[in-house]
Every structure is written in C-alpha cells, then in structure tokens.
Amino acid sequence: MWITTFLPLAMLVMLIFILQYYVFVLSRAARITGNFLPGPKSLPIIGAALEFGRTPVDLLKNLVRVTKEYGYVCRAWMGPHLFVLVADPVFIEPFFSSTVNIRKSMNYEFMNPWLGTGLLTSFGKKWKSRRKIITPTFHFKILEGFVDSFNTQGNTLIKKLKKHAGGPAFDIYKYINLYTLDVICDAAMGLQLNVQDDKNCEYVAALHEASEIIVKRSMSPWYFPEFIFNMSPLGRRQKALIKTLHNMSYKVIKERKMELSNNGKEGAGSTETDNDIGQKKRLAFLDMLLHYDKSGGNLSLEDIREEVDTFMFEGHDTTSSGLSFTLWSLAENPACQQKAYEELYEIFGTSDREATTEDLTKMKYLECVIKETLRLFPSVPFFLRELDEDVKIEGVNFVAGTTVLLAPFIMHKHPQYFPNPEKFDPERFTPENTRGRHPYAYVPFSAGPRNCIGQKFAMMEMKAAVSKILRNYKLSSGGRENVYSVELILRTVGGIHIKLENRK
Ligand code: HEM
C-alpha cells in the first residue's frame, strides 16, 4: 500500500526537481557560456558524455581529441552540467589568480570521507585559515631536515633495484611508489614504516585501495549520489579501509602529542627536538601542527588528522608519477642522461658521499630535466574548479555554476608556447629560454593562491632520488610504448618499463 501510493509520487517530485535543475542550469549557462564556445554535439539528458568513452585511457585520449577539434577553450555538456576545458594561458590566468573562484569541483568531494575538508578539498574561510597555518610547515629550513630521509630511503631503493641491473626491462613505478610512501610517512607523521621492505603493511594496502576506489567512483556516475555509493559493496569496502587509515593517523597523532607534552621545552620555531636519549630528532609536518596547537592555535584532533591524511594522499602518488616519468624520459633520451650524469660527476666526482641540500641546489640541469618531464607528463594532468562568480575573459562570459577543467596536460603542448611540443628538450627551462614565456603556460604545480604547497619538497625529493639512481645505474629504454591514463594522477597502463646497468 505504502509503496504503491508514495513511491510514484516521490518519483514524480524527483523528476520535476531534476527537470527544473536541468532547465535552470542549461538555460543560464548555455545562454551565457555554452552558446559562445565551440564543443561536441549534445544529446538530450546525457549531453556529450558518450564523446569521452568509459575508461581512464579513453578519457585522456578524447580530451586531447576534443581540444584538437574545437580549440584550446571549448565546452562539453555532461548531462545538465556545463564543463569548459581551458588549455590556453591567456584564459587560464584569471582562474588561477582569482581569490574568489578557489572552490574545487564536486569530484573532489569523493575524497571527503577519507581526507575530510583538509587543505586540498576545503574552500572559503576554512581553506584560507588552514593555508595560513600550514604554509610555515613548508619553510625551506624545515624541508632541509628531510634530505636525510630522502637519502636513507633512497639507499633502500638502490638496494632493491640491484637485482634488475644487467637484466631485462622491468616496471620501475612499483619501486618508486614504495620509496615515495616511505618518504611521506616519515615526513608527514615521523613514522618509519619501511614499506620498501614490507609491502604487506596493512596501512599501505588500505591507502592504495582507498585511492583506487576514489578513481572508480569518479568514473561511475551511478555511484555519485552518496546514499547509493554508501550502500554499494564499493562504498562498504571504502568505509572499512578508511577506518584502518583513520585509526593509524589518530594513533600516531595521540602518541606524538604525548611525546610533545613530555618534551615541552621545544618552541614552535624549532625544526628539531630531543629524543629520550638526548639525540636531535627531525620534526615531521605533524609535529609542526601540534606545536601550532600547543601554542594556542586551537586545532582539534580531527583538524590535525585531516591534514596528515591530506599530505599522505597528495604527497606520494604525485611524486611517484613525476619521478617515474623522469627516469623513463632519461632512459629514452641518452644524450640528456649523459649531460645530467656529467653534472653529478662535477658535484660528487668519484665519491659515494650522500647529497646535501647544497648539492641539490647545484643540480641545475637535472632540475631542467624534471621540469621538462612535468611539462610532458604533469602528475596532475587536469584539475577542476566550480565557479562561484562570473568571470569575463576576452569577451567570453564564464558564468557561476560552470565547472572549469584546467588542462596542463594539453596546454603544456600548445605549440605557440612550446615549439616542437612533443620533443623532450630540458633546455626549454634554462633561465634564458624561459624568459618571455607566458607565466601561466607552464603550471604542473598549479598556480596562484591554490598552488601546490608541497612543490619545493617534491622537487628536492625528486632530485635526491634521481641523482642517487643516476650515480649508481645507467638507464636505457624498455622498448615499450606507454599507454597513458588519467586516474586523478597521470599513469600508464602496466607501469613504466626501463632497463638498468651498474655504473661501477
Ligand atoms: C611532483 C609532485 C607534485 C605535483 C606535480 C603536485 C601538483 C599539485 C597540483 C597541480 C595541485 C593543485 C590541485 C588542484 O588545484 O586541484 C596540488 C595541490 C596540493 N599539493 Fe601537490 N603536487 C606534488 C607533490 C606534493 C607533495 C610532496 C605534497 C605534500 C608533502 C603536496 C601537497 C599538496 C597539497 C596539500 C595541495 C593542496 C593545496 C591547496 O589547495 O591549498 N603536493 N599539488
């Protein structure tokens, strides 16, 4: 009785609601933005959804194709929602430099059950205050303290790679991913998990699987509504994984908080603390947040947990992708590899000593190699903003409610800014060759107020790891074509294959 009377009524109300939303969004956004921009044909209800395929590989290929067909600023309707793809620095600049349009799109909300509304996903007042608190955590003096960790974890990586020296091509991504996880666990939480030695760690398995579920959900519109996702097996699995992740974060935070109370003499400005036998110990990002809280900053346990989880998520996969593509690019371009090696030889000679912060600063050519890699293979190939305010650029009105897809993966290959764009050429990033280039033509770390807070850390980590690998091994092509895929992060299907040979 209940079902026969109320269900049809509820469905009718829902249908009216959806239609109203559809007509409202479509009419306003289409009138002002959509009609003025070129883009693929839209079908009723689903819009241009079929244009983009069903897999992360299709999505990447089709975004590139659509830009080729319709230009560096074009639009696509996904159901009632208007997406505008922007891959032209002149159009991208106002979005990046805006202090109002800083809200991430709906897709980022899929991370909320795990990350809460930490720095990556929050907006408005909360984001501003968090950014202010966390910025000093990435001060150069503090980052310097992590070089030790890059080196220690790097030595484990070198040992693990040894078995491949002189052998056939293999997937180096798997090794790099564990290296970056060891580094970020140490940096974010002060934890030595040693996942390079123990791949079966429950926390790491949960972290990997939770990241995969976020990607699966963002590719499956039927999982978008919270209540449907939560009831599905995928949603239930996510809940269990997040419990493991949160339990670990809370445990570490509580332990460090206690340590800090017992060791109250250190000030918030210090980058080191004494351990119980009086040795100096480096502070993790977590310790900085705890110091802030202790000195009256008033962060709850939940606030701190959100940020620790955000660093864990955002700070390892991005760097693994950047590092692996750098190694692949060096393997495919022997002349560039030789030049990078000669620079290292100039710095270290035949010595086996560890790299210092000063050495990392001297690796100018290697820096150009990494920058050129992130041009061709930006770890975050696309990111999304939801407009809160109308923006007018070059006569085009982008109305509030539009989702803007900012596309470094495509813009970095715009021939007007990067002639012969497919060529791997690190010299593009020498100071002379950079001069005069549009400041927003190259944005692997985003730009403006919402840029990547971890970019200096990432650059130091990548230089430390690549230099260590190059000093030990010569890299050569794995002879395999990469098939690219966009899963929040840029990846290749089946990993990144190269060959290694011992240098000594
Ligand atoms: C090669 C390495 C990296 C790349 C290419 C990269 C790139 C980016 C990009 C493009 C964004 C903006 C995303 C968006 O607007 O949706 C971002 C934001 C962010 N990144 Fe990175 N990232 C890297 C490494 C790191 C590391 C190592 C950390 C932490 C230790 C980190 C922490 C963050 C955080 C917290 C944000 C959010 C900042 C905010 O919204 O205020 N990233 N990153």
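Residues numbered from 1 in each chain as written. Predicted model: local features only at pLDDT ≥ 70, side-chain atom pairs only at ≥ 80, totals over all residues. Heavy atoms only, no water.

Looking at an unreviewed UniProt entry, one finds the protein named Cytochrome P450, with Gryllus longicercus as its source organism. Taken from UniProt, the Cofactor (unreviewed entry) comment for the protein reads in full: "heme". (UniProt positions renumbered as here; feature names shortened; annotations may be inferred.)

Novice: Give me the environment of Lys456: which residues, what numbers.
Specialist: As for its position among the elements, Lys456 is in helix α20 (residues 455–472). For the pair Lys456 and Phe140, spaced 316 residues apart in sequence, the C-alpha separation works out to 8.1 Å. (Helix = DSSP H or I, 4+ residues; strand = E, 2+ residues; numbered from the N terminus.)

Novice: Tell me about the site of the ligand, and name the residues and values.
Specialist: Taken together, the neighbourhood of the ligand is formed by 28 residues, with Tyr108, Trp127, Arg131, Arg450 and Cys452 sitting nearest. Within the side chain of Tyr108, an N or O atom sits 2.6 Å from an oxygen atom of the ligand. Here an oxygen atom of the ligand sits 2.7 Å away from a polar atom, N or O, in the side chain of Arg131. Counting only elements with at least two residues in the shell around the ligand, the list comes to α5 (124–134), α13 (301–314), α14 (317–332), β6 (383–386) and α20. Looking at the shell around the ligand, the element that brings in the most residues is α20, giving three residues. Counted by class, the shell around the ligand contains 15 nonpolar, eight polar and five charged residues. (Near = heavy atom within 4 Å. Polar contact = N/O pair within 3.5 Å; in protein donor to acceptor, adjacent residues only side chain to side chain. Nonpolar A, V, L, I, M, F, W, Y, C, P; charged D, E, K, R; others polar.)

Novice: Residue-level account of the environment of Val183, with values.
Specialist: Looking at the element boundaries, Val183 is found in helix α8 (residues 173–189). Sequence-wise, Val183 and Ser149 are 34 residues apart; in three dimensions their C-alpha atoms are separated by 6.5 Å. The residues contacting Val183, other than those within four sequence positions of it, are Ser149, Phe150, Gln153, Phe457 and Glu461. (Contact = heavy atoms within 4.5 Å.)

Novice: Give a description of the pattern of salt bridges that names residues and reports values.
Specialist: Going through the model one piece at a time under the given rule, you end up with 23 salt bridges. As a salt-bridge pair, Glu69 and Arg65 come within 3.2 Å of each other at their nearest N and O atoms. Taken as a pair, Glu69 and Arg65 lie in helix α2 (residues 56–70) at a separation of four residues, close to a single helical turn. Taking relative accessible area as the criterion, Arg65 reaches 28% and is therefore assigned partly exposed. The shortest N-O distance in the salt bridge between Asp359 and Arg353 comes to 2.7 Å. Salt bridges sharing partners connect three or more residues here, namely Lys126, Arg130, Asp303, Glu306 and Glu307. (Salt bridge = Lys/Arg side-chain N within 4 Å of Asp/Glu carboxyl O. Buried < 20%, exposed > 50% of the residue type's maximum accessible area, 1.4 Å probe, protein only.)

Novice: Help me get a handle on the UniProt feature "binding site: heme" (unreviewed entry) in the protein, residues and values and all.
Specialist: Within this numbering scheme, the UniProt entry marks Cys452 as carrying the feature "binding site: heme" (unreviewed entry). Inspection of the secondary structure puts Cys452 in the loop between α19 (431–434) and α20. Cys452 gets classed as partly exposed once you look at its relative accessible area, which sits at 28%.

Novice: Tell me what's going on with the side chain of Glu461, and back it up with residues and numbers.
Specialist: Secondary-structure assignment places Glu461 in helix α20. Residue Glu461 is classed as buried on the basis of its relative accessible area, which comes to 1%. Among residues more than four places away in sequence, those in contact with Glu461 are Phe150, Tyr179, Thr180, Val183 and Thr319.

Novice: So what about the sheet that holds β6? Which residues, and what values?
Specialist: Each strand in a sheet pairs with another by means of backbone hydrogen bonds, the pair being arranged parallel or else antiparallel. Judged by pairing direction, the sheet is mixed, and its four strands sit side by side in the order β1-β2-β9-β6 without closing on themselves. Single-partner strands in this sheet number two, and they are β1 (73–78) and β6. Between one strand axis and the next, the sheet turns through 25° on average, direction left out of account. Sheet analysis places β1 next to strand β2 (residues 81–86), joined by six bridges and oriented antiparallel. Counterpart to Met78 in the pairing with β2 is His81. (Pairing = 2+ DSSP bridges. Axes fitted to C-alpha atoms, helices over the stretch in contact; angles between N-to-C directions.)

Novice: Requested: an account of the packing of aromatic side chains, with residues and values cited.
Specialist: Considering all chains together, one arrives at 23 aromatic pairs under this definition. Ring geometry for Phe382 against Phe409: centres 6.1 Å apart, planes inclined by 45°, an arrangement best described as tilted. A residue pair is termed long-range when its members are at least 10 positions apart, and Phe382 in the loop between α17 (364–376) and β6 and Phe409 in helix α18 (residues 408–411) qualify at 27 residues. By the burial criterion, Phe382 is buried, and Phe409 matches it. Ring pairs connect the aromatic residues Phe138, Phe146, Phe150, Phe285, Phe311 and Phe457, which therefore count as one cluster. Sitting over the ring of Phe123, Arg103 keeps its end group 5.4 Å from the ring centre. (Phe/Tyr/Trp six-rings, centres within 6.5 Å; stacked < 30°, edge-to-face > 60°. Lys NZ or Arg CZ within 6 Å of the ring centre and 35° of its normal.)

Novice: Would you mind going over the domain arrangement of the protein in detail, with residue names and values included?
Specialist: Looking at the protein, the domain boundaries give domain 1 (1–86) and domain 2 (87–390 + 408–502). Summed over both partners, the interface of domain 1 with domain 2 buries about 1,600 Å², with 76% contributed by carbon and sulfur atoms. At the boundary of domain 1 with domain 2, the tally comes to two residue pairs in polar contact (both at pLDDT 80 or more). Breaking the side of domain 1 that touches domain 2 down by element, the ones donating at least two residues are α2 and β2. Class assignment of the residues belonging to the side of domain 1 that touches domain 2 gives a composition of eleven nonpolar, three polar and two charged. (Domains from an automatic or database assignment. Buried area = accessible area lost by both parts, 1.4 Å probe.)

Novice: Got a sec to walk through the confidence of the model for the protein? Specific residues and values, please.
Specialist: For the protein, per-residue confidence averages 87 on the pLDDT scale, and 88% of positions sit at 70 or higher. pLDDT under 50 marks residues 265–270. Its contacts with residues more than four places away, or in other chains, come to nine contacts. Throughout residues 274–280 the model reports pLDDT below 50, and contacts reaching past four residues in sequence, or to other chains, amount to nine contacts. For this predicted complex, the interface confidence comes out at an ipTM of 0.99, alongside a pTM of 0.90. (pLDDT = per-residue confidence, 0-100.)

Novice: Let's hear about the sheet that holds strand β10 (residues 473–477): which residues, and what values?
Specialist: Read across the sheet, three strands follow the order β3-β13-β10 without closing on themselves; strand pairing throughout is antiparallel. This sheet does not close on itself; its edge strands, each paired only once, are β3 (170–171) and β10. Relative to strand β13 (residues 497–502), β10 is paired through five bridges, and the arrangement is antiparallel. Bridging across to β13, Ser477 finds its partner in Ile498.

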